[in-house]
Amino acid sequence: MRINATPALLALALAGAATSSSQAQQRRQYQQQIPLGPRPDPGVGRGRRPNVVFVLTDDQDARLGSLEHMPRTRRDLLREGTSFARHYATTAVCCPSRVSLWTGRLAHNTNVTDVNPPYGGYPKFVAQGFNDDYLPVWLQEAGYNTYYTGKLFNAHTVENYNSPHPGGFTSSDFLLDPHTYDYLNSTFQHNDEAPRSYEGQYGTDVLAEKAYGLLDEGINGLEADGKPFFLAVAPIAPHANVKFLPSSSLVSASDGGSFVLFTEPVPAERHKHLFQDAKVPRTANFNPDQPSGANWIRTLPQQNETNVAYNDHFYRQRLRALQAVDELVEGLIARLSAHDLLDNTYVFYSSDNGFHIGQHRLQPGKSCGYEEDVNVPLIVRGPGVAANYSAGDGVVTTHVDLAPTFLELLGIPLRGDFDGAAIPVTRAGIEELERGGRRREHAGIEYWGFAMGEGIYNRNPREHNTYKALRISAPEYNLYYSVWCTNEHELYDMNTDPGQLHNLLSSNTTTIITTITIGTQRYPADKVAARLDALLLVLKTCAGPSCQQPWTQLHPRGDVRSLGEALEGRYDGFYERGERGNTRVEYAYCANGFIVDAEGPTWEEHGRAYERDGRESWFLRDGARWDEWV
């Protein structure tokens, strides 16, 4: 796919709206975070503080079977560790997701909402003040040696790599744009050295050698002075291959700009012959006969046989590109084992976001809120972590939980500005969480800007892809709710409709199902949607514990902690739509970044309280205060 790389795509200028003052006020109210489960003992293993190795892939799915084709990762991580089936990226595109991961804050609080300036990219990360206030910096302050190789952020380039250099790393070797995603022409930048090209060498193999070198540095530091290490390894696979081309190479170019060529991933030569018969899983939502989804997705044409055949090829290339990552995982585990460090090292494996190929008639890509794009792998192996175990569907975790989790595991005090909470990684901790009724069942998902397909059959980038969404899962229900910037709504019962094909709130659907089963009860879809909309109103501008426990904002007495409890009939009057003062999630207009004026009503300003006679008054309905209603 070729797209015109506009100045907005390539420029390094900075702009964007500031985070609202109400979020800052929320953060000041909370000085202590609330873990999802019991606190672990950091004095595990051999009596030293534990080490961490974190492998972060790019665009790897959890729903299309990629891990099933990684035998070494399955052997060394899945069989020896714990996986989290309900782990979600909170923004389905690279840079915003990575910034949220490394800061523990949702994108509406980082205000890094795109992959490039003015709303995102490395320059925006720096401008927001995070270069000296994110996980590697905190780890160094706590006495850890920190190492990183691979992709850090988008728009981290051969021109801005040292202005400033990413903070917080003892040693690093970063991939740099514009060659980050060029599998056979990568550019790395080591510590304070100038960038170096590795043209002609396979990028993941180059990265693997750098990862092993940094691991050796960490082990040497551990043996020399007892300082534990944190190593992040971020290969680009299975992301598409991306090349920036001069306009002179394209007959259609007339503006003197640059072009970007997105094609299928490139595997190592030794893996090109694999998986000859593999195809995209033919799930119900793969290239369906009837249109699905909402907004621009509902207008997509069905793909023809030639298009489907190419997308199967794209899928096989992703599986092949992941084989070098599979070998990388094996190499890291072997080296840790050789130094007798596996009993005191946590190994994490995840991806920045998911990926779709053909679902809902979509060309290869991400950026949507559907399950393929936001559900990502999370595997943990380490001291006290159960082998060959999977957390239940009712344990929902997100990328903003990872920074708190690392700090918790390493015995470092949690911060008051985390939107996420530490994940229990032991079987006992997970089961206690489930039994204790403190399980968090939701993931807030958000996106701004355009969506772009990949591969040779992509059409033009789709504007107005801004949305807020809510993924909610528990043993009794499994739901997805979203509001687009066009103010279209979606609601899917994923127990009966796992492919998200039948929108229960669509005005142009022939679906006759209008109820959702919650436990043993059936509820009208609009009654469920009213609760989810209220919850999403809280989450769209939440900060700190209000992101972790949004039901307490709606029910401050603490008597409602789940959707099931909120569906009790005594709350119908509070949630019923159309009553005076009942604010809903809606947008003022579609914006490509987090612009306060575009975001519409917020819980802080329009839901919980409002101004009367110059004073803040609690939300009133029929003469009763909001807190009395609930």
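Residues numbered from 1 in each chain as written. Predicted model: local features only at pLDDT ≥ 70, side-chain atom pairs only at ≥ 80, totals over all residues. Heavy atoms only, no water.

Here's the deal with the pairing of strand β5 (residues 145-150)
Note the cut-off: In this scheme, a residue with accessible area under 20% of its type's maximum is buried, one over 50% is exposed, and one in between is partly exposed, where area comes from a 1.4 Å probe on protein chains only. Numbered from the N terminus, helices here are DSSP runs of H or I no shorter than four residues, and strands are runs of E no shorter than two. Here the rule is simple: two strands pair whenever DSSP picks up at least two bridges between them.
The element β5 is largely enclosed, with a buried count of six among its six residues. For β5 and strand β9 (residues 229-234), the ladder comprises six bridges, and the chain directions are parallel. Within β9, the position partnered with Asn145 by the bridge is Phe229. One ladder, built from four bridges, connects β5 with strand β6 (residues 171-175); its direction is parallel. Bridge pairing links Tyr147 to Ser171 in β6.

Some points on the sheet that holds β5
Convention followed: Every angle, taken between N-to-C directions, lies between 0 and 180 degrees, and every axis is a line fitted to C-alpha atoms, over only the stretch in contact when it is a helix. Contacts are residue-level and defined by heavy atoms, with any inter-residue pair within 4.5 Å sufficient.
Overall, mixed pairing links the ten strands, which are arranged β8-β7-β6-β5-β9-β2-β12-β13-β3-β14 in an open sheet. The open sheet has two free edges, formed respectively by β8 (196-199) and β14 (389-391), since each of these has just one partner strand. Averaged over all pairs of adjacent strands, the angle between strand axes in this sheet comes to 20°, irrespective of strand direction. For β6 and strand β7 (residues 185-190), the ladder comprises three bridges, and the chain directions are antiparallel. Residue pairing in the sheet places Phe174 in a bridge with Gln189 of β7. Helix-sheet contacts for helix α4 (residues 94-103) involve β2 (51-57), β5 and β9, and the interaxial angle to β2 is about 165°. Sheet contacts for helix α12 (residues 427-435): β3 (82-84) and β14; angle to β14, the most-contacted strand, approximately 30°.

Regarding the packing of aromatic side chains
We count it as follows: Aromatic rings from Phe, Tyr and Trp, with only the six-membered ring used for Trp, were paired whenever their centres fell within 6.5 Å, and each pair was classed as stacked if the ring planes differed by under 30 degrees, edge-to-face if by over 60, and tilted otherwise. A ring is scored as having a charge over it whenever the NZ atom of a lysine or the CZ atom of an arginine sits within 6 Å of its centre and within 35 degrees of its normal.
Throughout the structure, instances matching the rule amount to 28 aromatic pairs. Residues Phe574 and Tyr575 carry aromatic rings whose centres are separated by 4.9 Å and whose planes lie at 70° to one another, so their mutual orientation is edge-to-face. Both residues of the pair, Phe574 and Tyr575, belong to the buried class. Directly above the ring of Tyr212 sits Arg335, whose terminal nitrogen or CZ lies 3.6 Å from the centroid.

Topic: the state of the cysteines
Which entries qualify depends on this criterion: Any two cysteine sulfur atoms within 2.5 Å of one another count as a disulfide.
Tallying each qualifying case throughout the model produces two disulfides. The residue that forms a disulfide with Cys485 is Cys590, at a sulfur-sulfur distance of 2.0 Å. With the S-S dihedral at roughly 95°, the linkage between Cys485 and Cys590 falls on the right-handed side. On the criterion of sequence distance, the pair formed by Cys485 in the loop between β18 (477-484) and β19 (489-493) and Cys590 in the loop between α17 (572-575) and α18 (603-607) is long-range, its members being 105 residues apart. Judged by relative accessible area, Cys590 falls into the partly exposed class, the value being 25%. The residue that forms a disulfide with Cys542 is Cys547, at a sulfur-sulfur distance of 2.1 Å. One quick way to see it: the torsion about the S-S bond of Cys542 and Cys547 is about 105°, and its sign makes the bridge right-handed. Should the bonded cysteines of the protein be numbered as they appear in the sequence, the pairing reads 1-4, 2-3. Lacking any disulfide linkage, Cys94 is separated from the closest cysteine sulfur, that of Cys95, by 8.3 Å. For Cys95, a relative accessible area of 0% gives the class buried.

Thoughts on the pattern of salt bridges
One side chain can pair with another of opposite charge once the charged atoms of both are near each other. Put simply, the test is: Only one rule defines a salt bridge in this text: a Lys or Arg side-chain nitrogen within 4 Å of an Asp or Glu carboxyl oxygen.
As enumerated under the stated definition, the model contains 27 salt bridges in all. As a salt-bridge pair, Asp352 and Arg98 come within 3.0 Å of each other at their nearest N and O atoms. Of this pair, Asp352 sits in the loop between β12 (345-351) and α10 (371-374) while Arg98 is found in helix α4, placing the two residues 254 residues apart along the sequence. Here Asp352 and Arg98 have matching classes, each one buried. As a salt-bridge pair, Asp312 and Arg282 come within 2.8 Å of each other at their nearest N and O atoms. A residue pair is termed long-range when its members are at least 10 positions apart, and Asp312 in helix α9 (residues 305-338) and Arg282 in the loop between β11 (258-263) and α9 qualify at 30 residues. Taking relative accessible area as the criterion, Asp312 reaches 4% and is therefore assigned buried. Among the residues examined, Arg282 registers a relative accessible area of 44% and is labelled partly exposed. By sharing partners, the salt bridges in this structure join Arg72, Arg75, Asp76, Asp326 and Glu330 into a single network.

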